[in-house]
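# Overview (structure and organization)
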Amino acid sequence: MGDDRAERATRCVLLFGGSGQVGRQLLNAMAALGKVVAPTRAEADLTDPGSLREVIARLTPAIVINCAAVTNVDQAEREPALARAVNEIAPGVMAEASRDVGAVFVHYSTDYVFDGEATEPYNEESRPNPINIYGASKLGGEQRISEAGGPHLIIRTSWVYSATGTGFVATLLRELPTKDTIRVVADQVGSPTWSYSLACATTAILRGVITRDEVALDRKDWGIYHLAGSGAGSRVEIAETLIGALSALDENAPRPRIVPISSAEFAAAAPRPHYSALSNTRAARRFGVALDPWRDELRRMLMQRSV
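Anyway, here's the lowdown on the structure attached to this text. All figures in this text were calculated on a predicted structure; none of them were measured in a lab. The written sequence of each chain sets the order in which its residues are numbered from 1. This being a predicted model, a pLDDT of at least 70 is required before a residue's local features are given, and a value of 80 or more before pairs of side-chain atoms are given or counted; all residues contribute to the totals for chains, interfaces and linings. In computing side-chain properties, one takes all heavy atoms of the structure into account and sets aside hydrogens as well as water.

### A closer look at the overall build of the protein
The condition that has to hold: Helix and strand definitions here come from DSSP, where helices need a minimum of 4 consecutive H or I residues and strands a minimum of 2 consecutive E residues; each element is numbered from the N-terminal end. Any two residues whose heavy atoms approach within 4.5 Å at even a single point are treated as in contact. Using the Shrake-Rupley algorithm and a 1.4 Å probe, accessible areas are obtained, with residue cover drawn only from the displayed protein chains.
The helix and strand inventory of the protein stands at twelve helices and twelve strands. A fraction of 81% describes how many contacts in the protein between residues 6 or more apart in sequence connect residues 24 or more apart. With an accessible surface of roughly 13,900 Å², the protein has 48% of that area assigned to carbon and sulfur atoms.

Right, dumping it as structure tokens:
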């Protein structure tokens, strides 16, 4: 037991994006695997490749995790150069520097690499065809990571949410007590993913490739994995599930009326895929890791929040 604790203490896990909703969860979850170092933006500038290389070379981590990104889809559409620098070029640089120090590189990508024309969840073999700058920049990052030629896991996820922050679920939680009606886009379907469960699933995968002496990812296991809440749901279904679950916890919880609207009515700067649900096929088959049905995950998040 003492040797295991010493091993974890000396193994470095370098985490880019530790202040984001997934990063905050990873800070806790990854502590089981080693000493977690999460540089600030000032310490590791995502638009400065030299800064990223220097941090990785200096720390010589065993695992490098990147959950930093320009995730605001409309911002990416307005600022394509920034989106490309952060979402495409930076991950490629991280992957190269990780390869050079012998680290496993873990990177989070997105369901928005797909065009939304499917009628069933996309698996890892589905052909990407992004329809906005955000999706294109994230796909470019995937390609650069693969070209770097080092051990890597690219984890595509979908519609990540937390109880706090600026995301769809967090915004709903703030608005429900104050509004009689809520307008919700009805023609977009994804796989809602709780940030906590995503972090736990990632940790479980990495724990499976750690031996006493090294982090060893077999070459056949390199590549893309989908990790998202199981199943598919629209934003209207998320809102309905959220209201129902809150009412089950508190019979006096507000129940505002949901007004479904179209993506066209919402008039966002960037187009969104109408269907981008993900199938967790490969991670479940190789590592025995999959997230629970998204409705169960959402209810679990609310119960944890209410404790």
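So much for the structure itself; the text now carries on.
### Observations concerning unusual backbone geometry
Defined as follows: Each residue is placed in one exposure class: buried if its accessible area under a 1.4 Å probe, protein chains only, is under 20% of its type's maximum, exposed if it is over 50%, and partly exposed if it falls in between.
One non-glycine residue with positive phi stands out, namely tryptophan 159, at about 50 degrees. Relative to the elements of secondary structure, tryptophan 159 occurs in the loop between β5 (152-157) and β6 (160-161). For tryptophan 159, a relative accessible area of 12% translates into the label buried. With phi around 55 degrees, alanine 267 is a residue other than glycine that occupies positive phi space. Its place among the elements puts alanine 267 in the loop between α10 (263-266) and α11 (281-287). Alanine 267 gets classed as exposed once you look at its relative accessible area, which sits at 59%.

### Some remarks on the pattern of salt bridges
The following threshold applies: A carboxyl oxygen of Asp or Glu within 4 Å of a side-chain nitrogen of Lys or Arg is what we treat as a salt bridge.
According to the stated counting rule, one finds 14 salt bridges in the structure shown. Note that arginine 58 is salt-bridged to glutamate 54, the shortest N-O span being 2.8 Å. In this pair, arginine 58 and glutamate 54 both sit in helix α3 (residues 49-59), four residues apart, roughly one turn of the helix. Using a relative accessible area of 40% as the deciding quantity, one classes glutamate 54 as partly exposed. Residue arginine 295 is joined to glutamate 237 by a salt bridge in which the shortest nitrogen-to-oxygen separation is 3.4 Å. Of this pair, arginine 295 sits in helix α12 (residues 294-306) while glutamate 237 sits in helix α9 (residues 235-249), placing them 58 residues apart in sequence. Connected via shared salt-bridge partners are Arg84, Glu88 and Arg144.

### Structural notes on helix α5 (residues 80-101)
Threshold: Expected span, for any helix, means 1.5 Å times one less than how many residues it has. The bend at a residue is defined as the angle formed between two axes, one fitted to the seven residues ending at that residue and one fitted to the seven starting there.
Taking 1.5 Å per residue as the helical rise, α5 with its 22 residues ought to reach 32 Å, and the 31 Å between its terminal C-alpha atoms agrees with that figure. A maximum bend of about 35 degrees is found in α5 at isoleucine 89, where proline proline 91 lies one to four positions downstream.

### Describing the environment of glycine 149
Residue position: glycine 149 is located in the loop between α6 (133-148) and β5. Sequence spacing of glycine 149 and glutamate 96 is 53 residues, and the spatial spacing of their C-alpha atoms is 7.7 Å. Excluding anything up to four places from it in sequence, glycine 149 contacts Arg99 and Trp222.

### Remarks on the side chain of arginine 156
To keep it simple, the criterion reads: What qualifies as a polar contact is a pair of N or O atoms within 3.5 Å, subject to a donor-acceptor requirement within protein and to the restriction that residues adjacent in sequence count only when both atoms come from side chains.
On the secondary structure map, arginine 156 appears in strand β5. On the basis of relative accessibility, which here comes to 2%, the residue arginine 156 falls in the buried class. At 2.8 Å, the side chain of arginine 156 forms a polar contact with the side chain of glutamate 142. Polar side-chain contacts of arginine 156 include one of 3.2 Å to the side chain of histidine 226. Apart from residues lying up to four places away in sequence, arginine 156 is in contact with Ser109, Thr110, Val113, Phe114, Glu124, Pro128, Glu142, Ile224, Tyr225, His226, Leu227 and Leu278.

### Some thoughts on the packing of aromatic side chains
Definition in use: Geometry of aromatic contacts follows a simple scheme: Phe, Tyr and Trp rings, the Trp one being its six-membered ring, pair when their centres are within 6.5 Å, and the pair is stacked under 30 degrees between planes, edge-to-face over 60, tilted otherwise. Any Lys NZ or Arg CZ that is within 6 Å of a ring centre and within 35 degrees of that ring's normal is treated as a charge sitting over the ring.
A complete count under the given rule lists four aromatic pairs for this structure. Between the aromatic rings of tyrosine 112 and tyrosine 134, the centroid separation amounts to 6.0 Å while the plane-to-plane angle is 75 degrees, which identifies the pairing as edge-to-face. Within this pair, whereas tyrosine 112 is found in the loop between β4 (104-110) and α6, its partner tyrosine 134 is found in helix α6, the two being separated by 22 residues in sequence. A single burial state applies to tyrosine 112 and to tyrosine 134, both of which are buried. With centroids separated by 4.0 Å and ring planes inclined at 5 degrees, the aromatic side chains of phenylalanine 114 and tyrosine 122 adopt a geometry described as stacked. The exposure class of phenylalanine 114 is buried, given its relative accessible area of 0%. You can call tyrosine 122 buried: its relative accessible area is 6%. The ring of phenylalanine 168 carries the charged tip of arginine 235 above its face, separated from the ring centre by 5.3 Å. Sitting over the face of the ring of tyrosine 225, arginine 282 holds its NZ or CZ atom 4.1 Å from the ring centroid.

### Things to note about the sheet that holds strand β2 (residues 35-37)
Threshold: Pairs of strands are assigned from DSSP output, requiring at least two bridges between the strands. Lines fitted to C-alpha atoms define the axes here, with helix axes fitted over just the stretch in contact, and angles between the N-to-C directions of these axes take values from 0 to 180 degrees.
Strands sit in the order β2-β1-β3-β4-β5-β10 across an open sheet of six strands; the sheet is parallel. Looking at strand neighbours, the two that pair on one side only are β2 and β10 (223-226), the edges of this open sheet. Strand-to-strand, the axes of this sheet are offset by a mean angle of 20 degrees, without reference to chain direction. For β4 and β5, the ladder comprises six bridges, and the chain directions are parallel. Note that in β5 the partner of phenylalanine 105 across the bridge is histidine 152. Most of the contacts of α6 go to β4, to which it runs at about 160 degrees, and overall it touches β4, β5 and β10.

### Some details on the nonpolar core
Rules: Buried Ala, Val, Leu, Ile, Met, Phe, Trp, Tyr and Cys residues that are joined via side-chain atoms within 4.5 Å together make up what is termed a nonpolar core.
Membership of the largest hydrophobic core comes to 49 residues, with the highest contact counts inside it found for Phe16, Leu52, Met94, Val169, Leu242, Leu298 and Met301. Leu33, Cys67, Ile155 and Val289 belong to the second largest nonpolar core, which has 31 residues in total.

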